[in-house]
2 protein chains.
Amino acid sequence: MANAFYGQSGGVTAVINATAAGIIETARQHPTVFDKVYAGRDGILGALHENLVDISEESVDTLEQLLHTPGGAFGSCRHKLQNPNVNHDEYQRIIEVFRAHDIRYFFYNGGGDSQDTTRKLAHVAELMGYDLTCIGVPKTIDNDLPATDNSPGFGSVAKYVAVSALEASFDIASMHKTSTKVFVMEVMGRRSGWIAAAAGLACDERELGPDVILVPEISFDKEAFLERVKQTVAKKGFCVVITAEGIRQATGELLASADNEDPFGHTQFGGVAPLLVDFIKERFNYKCHWSVCDYLQRAARHLASQTDVEQSYAVGKAAVEYAVAGLQSVMPAIVRTQSVPYQWDIKPVHISEVASGEKNMPRHFMSKDGFSVTQAGLDYFAPLIFGEAYPPYRNGLPEYRKCRNRLIPRKLPEYFGRKDGAKETEPA
Amino acid sequence: MANAFYGQSGGVTAVINATAAGIIETARQHPTVFDKVYAGRDGILGALHENLVDISEESVDTLEQLLHTPGGAFGSCRHKLQNPNVNHDEYQRIIEVFRAHDIRYFFYNGGGDSQDTTRKLAHVAELMGYDLTCIGVPKTIDNDLPATDNSPGFGSVAKYVAVSALEASFDIASMHKTSTKVFVMEVMGRRSGWIAAAAGLACDERELGPDVILVPEISFDKEAFLERVKQTVAKKGFCVVITAEGIRQATGELLASADNEDPFGHTQFGGVAPLLVDFIKERFNYKCHWSVCDYLQRAARHLASQTDVEQSYAVGKAAVEYAVAGLQSVMPAIVRTQSVPYQWDIKPVHISEVASGEKNMPRHFMSKDGFSVTQAGLDYFAPLIFGEAYPPYRNGLPEYRKCRNRLIPRKLPEYFGRKDGAKETEPA
């Protein structure tokens, strides 16, 4: 019997805590294997600095509340460990902390970089002769993890974006005669258009919208875009544009980003939505409105996909079961066994398969002209937003749980090896 | 027995169609008074151009769907009729159209300007000796209508903003250690801070946020703002800022607006959220994120307040009952009869009371330093977001109804009196 470590890493999601609940509840079902489950405060920083929270003692009530609380309950971080081939101080420190607390299971819940960390930690532990079962647990709203059909966290963002696009389309459809002609909604996605393309789910035979979807995978062609907007306004009176934040020029350069610096290090004023609106106003003088969803889209637990919640829980559960079964350096991946009706399963994949790259959206998910989502794309996205998983409400607001996160007593001297959070290493 | 006209005016809301349902269903209960109910296509433009939709024949099913469909089902418009003292051509034309279709009841669903239109139309009809019962029906997300405790449409925006602020706060609380320190969320409100202040409902003893709320009624003081942000980050590690789009400098000038032109007529690039982020980055170099909610907030029927839906229906119902009772030039107003537990009623007020001005948010709803909402403010806002009124979903998306809006045959020659939608006259 030994202890386990669970860490949340990278940008949080509306459902990452459902994964935490899956891990904690499943570990409890194996009392001969797991003694305590410790969460790292602020992810891997908690391991480095021996900031550990005993989450195995949490009440059943708290675990239920985790299922419907957005954000990372124990804190997440954007801290990339140094390459152990260059300097493995950080990895060694983590192993020391784990040894001090008899932690023999490592569950790391994040995107591609986090899977890579898990892989490296397993390697260093082996070199040090420390017996540590390392299991990666998938999570990213970006949906760019290889080896899994989709990523936990993505389905809820997809649902938020599709519902918001639909609602905004209803709004503009009723106002365009004398008011706004074009609405531009900016969503996340620096390197891939999974999120923006999911807005295509709001399109149907009623032709309400969205009308134009822009993704980073397809170079932005200003003239073609403006022509498409003009044609759409001429045809139906208004045009709804969904753009990924990371759309790029033919040169590969970002058009703009709400969280970007220009090549000279100056902060840029505004995201890509207002830039597109500027293009449209300059050319056509249409009245335009725009929105930037930013964190609202990934925190929107009030509109989570039931499918996403179930899958998020399932990968947590499977991660623990894999550890119990003696698997090493694997990650539970989601397998789509059937599209209609949607059926899925969980299987283990080696984390080296996941850590190795990003999964781009297939080109054939977008139409030839690059402005709309094909049936193949819609078939892929559709089941990921199925079902509503409403949180309980009190006095009109969701009852989200803020964990107390009391740290257990430290056993080691303070760690000064590397300055905390010195630099971001993952996309924000 | 005669016919009725119903028009939707100005910026639409998530719940204005609930008012339409209230009007149609109540008119049906008085078959000896009302023959048909016609909706104006695109609001008052439908009356001017004889674009009328017979909505009294809509199925029970459609009426039920209107209860949960955002936007204006029959189209709205931003068209201010000319002052009848200067030129009453438009008013006369409307009366001609009404006479041709035996329309003797006028229900106009909008904000302050719309109530003013109703008042003027009643006046012109009287001068022309045309018997027309004119009833104003309240609607505005801005909550600035006088003589009513709150405005239908506001409660749902308030709920959206409070829930979104809460969710974003959970997100940042879990990331701030190594990532974003400040999040700025821009909401609507050009002249008043009702919407921004409603985000204060997300504050509680857990101190998650929002931490700073900026409203147009209180001059923006850059230094005081930056100091407050700095103190908040120092104290809790992060800071969540909610800003109304219309915050102003001490001179009264707008700081910025996502839908504004500078004094030289150039479009401005970006809203006020990215501008505030620019201030913060420049001074402290904190990592910041920002969002602009724009139409998403007022179209978000998926997160409507049950209280708001009920009140929106109730003002439609009352409007028809007032007409049946022979009242003239009144508007159903919402009266708060008790705060805890919340109780409300509907009473008629003369539209001249409503058309005459804007209701600003009381200064004592905001703290002395101007950055947070007082208990008096929270007590006012709290009941308006009570209850969830979820739309039905199919395949993960809300089932919103798009009306066919088939026009009835015209009886008059085409109208060329004034160019359609020449100019906006209400805030967008």
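Every chain is numbered independently, its residues counted from 1 as its sequence is written. Whichever chain is written first becomes A and whichever ligand is written first becomes 1, with later ones labelled in order. Under the rules for a predicted model, residues below a pLDDT of 70 receive no local features and side-chain atom pairs below 80 are neither given nor counted, while totals for whole chains, interfaces and linings still include all residues. For side-chain calculations, the full set of non-hydrogen atoms in the structure is used, while hydrogens and water are omitted.

Asks: Explanation requested: the side chain of Asn 17 of chain A in the structure shown.
Replies: Residues and elements named next belong to chain A. Only runs of H or I of at least four residues qualify as helices and only runs of E of at least two qualify as strands under DSSP, and these elements are numbered from the N terminus. You can see Asn 17 is positioned in helix 1 (residues 16-28). Assessed through its relative accessible area of 0%, Asn 17 is described here as buried. Polar contacts, as counted here, are pairs of nitrogen or oxygen atoms within 3.5 Å of one another; within protein the pair requires one atom able to donate a hydrogen and one able to accept it, and residues that are adjacent in sequence qualify only if both atoms are side-chain atoms. A distance of 3.1 Å separates the side chain of Asn 17 from the side chain of Gln 8, its partner in a polar contact. Contacts: residue pairs with any heavy atoms within 4.5 Å of one another. Discounting residues that sit within four places of it in the chain, Asn 17 has contacts with Gln 8, Leu 66, Thr 69, Pro 70, Gly 71, Gly 72 and Ala 73. Relative accessibility decides the category of a residue: with a 1.4 Å probe and only protein chains considered, values under 20% of the type maximum give buried, values over 50% give exposed, and everything between is partly exposed.

Asks: Teacher, can you tell me more about helix 9 (residues 272-284) of chain A here?
Replies: Structural remark: α-helix, 3.6 residues per turn; residues separated by three or four positions point the same way. All names here are of chain A. A helix is expected to span 1.5 Å multiplied by its residue count minus one. Taking 1.5 Å per residue, 13 residues should reach 18 Å; helix 9 reaches 18 Å between its end C-alpha atoms and fits that length. Listed in full, the buried residues belonging to helix 9 are Val 272, Ala 273, Pro 274, Leu 275, Leu 276, Val 277, Phe 279, Ile 280 and Lys 281. Against the buried residues of helix 9 lie strand 6 (182-187), strand 7 (212-214), helix 8 (222-236), strand 8 (239-244) and strand 9 (288-292).

Asks: For this particular structure, what's the right way to read the relation of the copies chain B and chain A?
Replies: Both copies of the chain are tied together by a single rotation about an axis and a shift running along it. The copies are overlaid by a least-squares fit using only the C-alpha atoms of residues whose pLDDT is at least 70 in both copies. Least-squares fitting of chain B to chain A yields an RMSD of 0.0 Å, with the transformation described by 0.0 Å of translation along the axis and a rotation of 180°. The relationship between the two copies is best expressed as a two-fold rotation axis. Both copies present the same face, since 100% of the interface residues in chain B are matched by interface residues at the equivalent positions in chain A.

Asks: Help me out: how do you make sense of unusual backbone geometry in this one?
Replies: Apart from glycine, the bulk of residues carry a negative phi angle, and the bulk of peptide bonds sit in the trans form. Residues and elements named next belong to chain A. Between Gly 209 and Pro 210 the backbone carries a cis peptide bond, its omega angle lying at -5°. Relative to the helices and strands, Pro 210 is located in the loop between helix 7 (194-198) and strand 7. Positive phi, normally seen in glycine, also occurs at Asn 143, with a value near 60°. Within the secondary structure, Asn 143 sits in the loop between strand 5 (133-138) and helix 6 (154-175).

Asks: Just checking my understanding: could you explain the UniProt feature "site: Important for catalytic activity" (unreviewed entry) in chain A for this structure?
Replies: Residue and element names in this part refer to chain A. UniProt positions are given in the numbering used here, feature names are shortened, and annotations may be inferred rather than shown by experiment. Summarizing the sequence annotation, UniProt attributes the feature "site: Important for catalytic activity" (unreviewed entry) to Lys 139 in the numbering used throughout. Along the chain, Lys 139 turns up in the loop between strand 5 and helix 6. Owing to a relative accessible area of 4%, Lys 139 belongs among the buried residues under this scheme. Excluding residues within four positions of it along the chain, Lys 139 makes contact with Ser 9, Gly 10, Gly 11, Thr 13, Ile 16, Asn 109, Gly 110, Gly 111, Leu 145 and Pro 152. There is a polar contact of 2.7 Å between the side chain of Lys 139 and the backbone oxygen of Ser 9.

Asks: Teacher, can you tell me more about the interface of chain B and chain A here?
Replies: Many structure descriptions define interface size as the accessible area lost when the parts assemble. Residue-level contacts link 81 residues of chain B with 81 residues of chain A. Summed over both partners, the accessible surface that disappears when two parts come together, traced with a 1.4 Å probe, is what is meant by buried area. For the pairing of chain B and chain A, the buried interface totals around 6900 Å² over both sides, and the portion due to carbon and sulfur atoms is 59%. Every case where a carboxyl oxygen of Asp or Glu lies within 4 Å of a side-chain nitrogen of Lys or Arg is listed as a salt bridge. Taken together, chain B and chain A are joined by 4 salt bridges. For Asp 171 of chain B, the salt bridge identified is with Arg 298 of chain A, shortest N-O distance 2.7 Å. Summed over the shared surface of chain B and chain A, the result is 29 residue pairs in polar contact (both at pLDDT 80 or more).

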